[in-house]
Amino acid sequence: MIRFENVHKYYGAVHAVRGLDITVRPGEFLVLIGPSGCGKTTALKMVNRLIAPTSGRVLIDGTDVSEMPLVTLRRNIGYVIQETGLFPHMTIAQNVALVPRLKKWPRAKRNERVDELLHLVGLDPAVYRDRYPRHLSGGQRQRVGVARALAADPPIILMDEPFGATDPITRKQLQRELARIKEQVQKTIVFVTHDISEAFLLGDSICLLKDGEVVQHATPEELLRSPANDFVHEFIGDEAVSRQFDYLQMGEICRTPLPTFPADAPDWQIATALRKAGTAVGATIDPGGRLTGIVQVIPHAEGGNRTAVQRRPREHVRVARRDELVREFFPGLCRTNRAGGPTGGAVDPGLVVVDEQSRPCGLVSYDDIVRLIAGLVTGTAIEETSGADPEDESTAAFFTRQRVKGAVAR
Ligand code: ADP
Ligand code: MG
């Protein structure tokens, strides 16, 4: 467990980190995000003591890092940065095996570990282990950087915009690989980025910083559902819009079925039907089939297994027309959310999508939106190719595959 305890950092007159007070649980993937200069790198480097706090403490499993032997501390924390810092005169295998060698692992165990890790990051050991970093593309070098950070199996990994210097296609690929690796290795990871898509794809929790201060530390869903202030919704909204959903319409991202009921249907009937349908949210409609509100099954106030049905009139429901463009709808999303506000009891379920006649088509849950921002929803446009490294065979091959498919698979 990593704990920042009221941490401040001054660089002369610059107050770069202001009262950082957060906890990273074991096995958690924490994303530090925010505009350039907000103190992300400074915060991260205080964990492995590349920077010392001016005041406050950083604790690992209850021990102040400033009291740990530096060598032990650093060898037990993997560190990945933008330009991986691979040693040019060492082969890929030697680079990956660096810390295991310092830790005096026997040669056979090191070799085994190198092969295992190269496999994990998607590089064939037979092809790459004896090459030198200059023989690899930028994206491949970043993979080696990740493998090296994992080599001695440290419980903590710090990553500072590790994919920031790679072209968009390679970046997407590396992000997805890290998402997969994260499931396999179960590390505590602190990951710095300014890319909201990356944050939503990878983060168990996201800590949004501004001018050295935490604006909000929450799950991706909570950031969407209840943004702490205008900065949060603008940051997510602007970033999400700049993700270019192209001509994706709200109706296309609507994936959660929404059973409908006459507005005067009794609670017990609604509860039974929702249970049968395996969902907690339904819509009520008037005789013309038009949306009049939503109904939600919530645990009964007195606890136990009993449930109650909560009704929310249309004016307290976020509604989108199915032909509205996601791109245009987005900036208003969080703002509307705050204005409408959760009305107590049931959690805010998301957005109801209706047709041109106001008839409900389905629900866009917050989970759907998280997946959309993370780039996991079918229909998400492939980014520009211009930045692609022409020397990177795997990138070119990846792009060709994607172009053939036309979309990123869900
Ligand atoms: P981020 O990683 O979020 O872009 P940094 O942690 O690198 O931000 O920097 C936070 C603030 O501290 C910025 O205003 C930056 O200019 C300042 N800063 C960072 N490192 C130094 C330094 N070594 N000396 C003086 N100012 C610094
Ligand atoms: Mg930085």
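Rules behind the numbers
Residues numbered from 1 in each chain as written. Chains lettered and ligands numbered in written order. Predicted model: local features only at pLDDT ≥ 70, side-chain atom pairs only at ≥ 80, totals over all residues. Helix = DSSP H or I, 4+ residues; strand = E, 2+ residues; numbered from the N terminus. Expected span 1.5 Å × (residues − 1). Buried ≥ 20, exposed ≤ 12 C-beta atoms within 10 Å, placed from the backbone. Axes fitted to C-alpha atoms, helices over the stretch in contact; angles between N-to-C directions. Parallel < 35°, antiparallel > 145°, perpendicular 65-115°, else oblique. Left-handed = near helix turned anticlockwise from the far one by under 90°. Contact = placed C-beta atoms within 7 Å. Nonpolar A, V, L, I, M, F, W, Y, C, P; charged D, E, K, R; others polar. Near = placed C-beta within 6 Å.

Draft legend 1. Focus on helix 8 (residues 168-185). Compared with an ideal rise of 1.5 Å per residue, which puts 18 residues at 26 Å, helix 8 spans 25 Å between its outermost C-alpha atoms and is within 8% of the ideal. For helix 8, the set of buried residues is I169, T170, R171, K172, Q173, L174, Q175, L178 and I181. Positive backbone phi, approximately 55°, marks Q186, located one or two places after helix 8.

Draft legend 2. Quick peek at the packing of helix 7 (residues 138-150) against helix 8. Between helix 7 and helix 8, the shortest axis-to-axis distance is 10 Å and the interhelical angle comes to 20°. As the angle between them shows, helix 7 and helix 8 are arranged roughly parallel. Every pair of crossing elements has a handedness; the one defined by helix 7 and helix 8 is right-handed. From helix 7, G138, G139, Q142, R143, V146 and L150 reach across to helix 8, where they touch T170, L174, L178 and V185. Residue composition of the contact of helix 7 with helix 8, grouped by class: five nonpolar, four polar and one charged.

Draft legend 3. Local environment of the site of ligand 1. Around ligand 1 sit Y11, V14, A16, S36, G37, C38, G39, K40, T41 and T42, and those are all the residues in its vicinity. Listing elements by their share of the shell around ligand 1, those giving two or more residues are strand 2 (14-20) and helix 1 (40-45). Considering each element in turn, the shell around ligand 1 owes the most residues, three residues, to helix 1.

Draft legend 4. Representation of unusual backbone geometry in the model. The phi dihedral of Q186 is positive, around 55°, even though this residue is not glycine. With respect to the helices and strands, Q186 occurs in the loop between helix 8 and strand 9 (188-193). With 10 C-beta atoms packed within 10 Å, Q186 lands in the exposed category. Residue S358 is not a glycine yet carries a positive backbone phi of 70°. Since 16 C-beta atoms lie within 10 Å of it, S358 is described here as partly exposed.

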